[in-house]
Amino acid sequence: MAIGCLGELAQELGSGIADHWSSVFYPAALAGLADSDDSVRRNAAFCIGVICEGLGEVVTSHYTDMLTALSPLFSIDIAEGDTAAACVDNASAAVARMIKASPAHFPTAQVLPVLLKALPLKNDMTENETVYGCLFGMLQQNQPDLIANKVELRRVFGEAASEASKVDDELKEKLKLALQSLN
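Residues numbered from 1 in each chain as written. Predicted model: local features only at pLDDT ≥ 70, side-chain atom pairs only at ≥ 80, totals over all residues. Heavy atoms only, no water.

What follows deals with the overall build of the chain. For the chain, the count of helices and strands is 10 helices and zero strands. Secondary structure elements of the chain occur, N-terminal to C-terminal, as α-α-α-α-α-α-α-α-α-α. Here the chain has a C-alpha radius of gyration of 16 Å; the compact-globule value for 183 residues is 16 Å, and the two agree. Referenced to the eigenvectors of the C-alpha coordinate spread, the extents of the chain come out at roughly 50 × 35 × 25 Å. Burial statistics for the chain: of 183 residues in total, 50% are counted as buried. Considering only contacts within the chain whose residues lie at least 6 apart along the sequence, 67% involve residues at least 24 apart. Total accessible area on the chain is roughly 8,600 Å²; 52% of this is exposed by carbon and sulfur atoms. (Helix = DSSP H or I, 4+ residues; strand = E, 2+ residues; numbered from the N terminus. Rg over C-alpha atoms; globule rule 2.2 N^0.38 Å. Buried < 20%, exposed > 50% of the residue type's maximum accessible area, 1.4 Å probe, protein only. Contact = heavy atoms within 4.5 Å. Areas by Shrake-Rupley, 256 points an atom, 1.4 Å probe, with all protein chains shown as cover.)

This part is about the nonpolar core. Counting 61 residues, the largest nonpolar core has Leu70, Leu135 and Phe157 as its most contacted members. Taken together, the elements giving at least two residues each to this core come down to α2 (21-33), α3 (38-55), α4 (63-70), α5 (82-101), α6 (108-118), α7 (128-140), α9 (150-161) and α10 (169-182). Per-element tally for this core: the top contributor is α5, with 10 residues. The contacts of Leu70, once residues within four sequence positions are left out, are Leu33, Ala45, Ile48, Ala91, Ala94, Val95 and Met98. (Core = buried A, V, L, I, M, F, W, Y, C linked by side-chain atoms within 4.5 Å.)

Such coordinate-based values are descriptive only and should not be taken to indicate function.
Structure, rendered in structure tokens:
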């Protein structure tokens, strides 16, 4: 799981990977996203997300390639098990990190509906803060593409805030408040 280690390094070092991102981190993450193993793809999606989070504007010219590589992960059948579900969850978190890192360079109108369909997260609950934090920020800014998807956003927040949801109680309360603002 070398790609998982690279993701952890990228998360810890942030902009400190700048000198090595294009020669080490980025090619490894793209190769990992193309792998047939869901564990590898899951870790590669995490790596892409934290690269964007740490490097911000530096990597925006690669957003199209990153999104193209992430796209197949949203078609994984989550019924195949926990690893498959975690793969979709990490792809969702990667997209959220990309949006937060540089919203002006992100094709929100095209990608947001795909992200919302993949939510709520099914397996990797550690990514809830990342994903919902992104959506809360967009909602506070009345981001037009998010508002245009208000019905789907209501569904996501409602399911995530439900009693059966694995989302922690504090986040559930935030989701319930956000749901009220959508009505």
